[in-house]
Amino acid sequence: MMAQSNGFLPNSAEGEKKSIDSDLWHACAWPLVSLPPVGSLVVYFPQGHSEQVAASMQKENDFIPNYPDLPSKLICMLHNVTLHADPDTDEVYVHMTLQTVSKYNKEAFLASDLGLKQNRQPNEFFCKTLTARHKHSWIFCISSSSREDLSAPMLVARDLHDTMWTFRHIYGGQPKRHLLTTGWSVFVSTKRLFAGDSVLFIRDEKSQLLLGIKRANRQQPALSSSVISSDSMHIAILAAAAHAAANNSPFTIFRSPRASPSEFVIPFAKYSKAMYTPISLGMRFRMMFETEESGVRRYMGTITGISDSDPVRWKHSQWRNVQVGWDESTVGERPSRVSIWEVEPVVTPFYIFPTPFFRPKFPKPGMPDVNTM
């Protein structure tokens, strides 16, 4: 019997019969979100999952129940991935069905490695951040290569919930710009959009226009109460993972890119590569972050320490065990702790690697046997 979601029970899941377009889902998610392929090996970090739960509940991490017998990481086979969107906020999230493994075969490892090479973000999509003047109409400019996609007098677009929206479209003025009028104010009010939110358009495989939303961060819950069961969040949030670790049974989790920008389900190939990358105090590194324009940018920093982020509840955990300091030129708030697989070490041509602080030796608690099945 499958152990159910460790903490989150989407009340609307049964009503979502039509699958969400994958390109639209990824366009609405963080640019750095890349879901591992089904059938691949992943490393699940319950400590990172508990951070997402705490963020969604707007609680401190120590509010989440602890399971002393639950390892800090679990090597799992990814059996299923289902894309979802909050019916109230349009925030995207994903369900993953995992099963712990003690052995793995070469095909599963190769599938994990292949997943690192796949870019899940759509090649082309138009995204525009709204301002206060966009309440009743929307003026926007797009590149000349995209104008043919938005040339009709009436634009019809389908959102994440398969709802169709129709807008009157005008292209003119000096300089020439696109203007959405009739239907736009209804869309803005229905979706409860505000200045700072972004609206994006993409084309699916059938050249149909799809419409998505990326909301500004206003310290609001990542998902609404219609999706999250408040009772289940308070009771045994990691119970399913703990049960699965002890019984080698499948369990289902969900991940919200908004609530937890740092991925806590990592492709095994990515994890393995990071574990065998030497790091040391004072080492320079780069790390990718999302920009306000829904793009990505690398920021520079220095490794200042390596230690457990929570030595009481999660001893010897590799989740956020790298302390960092950011360059003064780095704009905005950046985390003081990151995980080694998130950073890209910068090594000078004459740098001599010191002995790394950690290199896992197989087998290890929570790690699989490297022998094939």
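Cut-offs used in this document
- Residues numbered from 1 in each chain as written.
- Predicted model: local features only at pLDDT ≥ 70, side-chain atom pairs only at ≥ 80, totals over all residues.
- Heavy atoms only, no water.
- Helix = DSSP H or I, 4+ residues; strand = E, 2+ residues; numbered from the N terminus.
- Buried < 20%, exposed > 50% of the residue type's maximum accessible area, 1.4 Å probe, protein only.
- Contact = heavy atoms within 4.5 Å.
- Areas by Shrake-Rupley, 256 points an atom, 1.4 Å probe, with all protein chains shown as cover.
- pLDDT = per-residue confidence, 0-100.
- Phe/Tyr/Trp six-rings, centres within 6.5 Å; stacked < 30°, edge-to-face > 60°.
- Pairing = 2+ DSSP bridges.
- Axes fitted to C-alpha atoms, helices over the stretch in contact; angles between N-to-C directions.

Enquirer: Is there a simple way to explain the overall build of the protein chain in this structure?
Expert: From N to C terminus, the protein chain includes seven helices and 17 strands. Counting every position in the protein chain, which comprises 373 residues, the buried fraction comes to 47%. The long-range share in the protein chain, meaning contacts at least 24 apart out of those at least 6 apart in sequence, stands at 71%. By element, 52% of the accessible surface of the protein chain is carried by carbon and sulfur atoms, the whole surface being about 18,800 Å².

Enquirer: Whenever I open this one, the confidence of the model for the protein chain confuses me. Can you help?
Expert: As a note on interpretation, predicted positions should not be read in detail where pLDDT is low. In this model, the protein chain carries a mean pLDDT of 77, and residues with pLDDT of at least 70 account for 71%. Note on residues 1-16: pLDDT is under 50 here. Beyond four places in sequence and across chains, it has 49 contacts. Here residues 349-373 is modelled with pLDDT under 50, and outside its nearest four sequence neighbours on either side it reaches 54 contacts, counting other chains as well.

Enquirer: I'm lost on the packing of aromatic side chains in this one. Help?
Expert: The geometry of an aromatic ring pair is captured by the separation of the ring centres together with the interplanar angle, meaning the angle of the planes. Under the defined criterion, the tally for this structure stands at 16 aromatic pairs. Ring centres of Trp165 and Phe187 lie 5.1 Å apart, and the angle between their planes is 80 degrees; this geometry places the pair in the edge-to-face category. Placement of Trp165 in strand E7 (residues 164-172) and of Phe187 in helix H4 (residues 184-190) is noted, with a sequence separation of 22 residues between them. The residues Trp165 and Phe187 share a single accessibility class, namely buried.

Enquirer: Looking at this structure, how should I read the sheet that holds strand E11 (residues 250-255)?
Expert: Within a sheet, each strand pairs with its neighbour through backbone hydrogen bonds, oriented either parallel or antiparallel. Read across the sheet, five strands follow the order E11-E3-E2-E1-E12 without closing on themselves; strand pairing throughout is antiparallel. Looking along the sheet, the strands with just one partner apiece sit at the ends: E11 and strand E12 (265-267). Shown here is a sheet whose adjacent strand axes are inclined to one another by a mean of 45 degrees, direction ignored. Inspection of the sheet shows strand E2 (residues 74-85) paired to strand E3 (residues 92-100) by nine bridges, in the antiparallel sense. In the sheet register, Cys76 faces E3, and the bridge partner there is Thr100. Most of the contacts of helix H6 (residues 239-247) go to E11, to which it runs at about 145 degrees, and overall it touches strand E1 (41-44), E2, E3 and E11. Where helix H7 (residues 268-275) meets the sheet, it contacts E1, E2 and E12, and its direction lies at approximately 80 degrees from that of E12.

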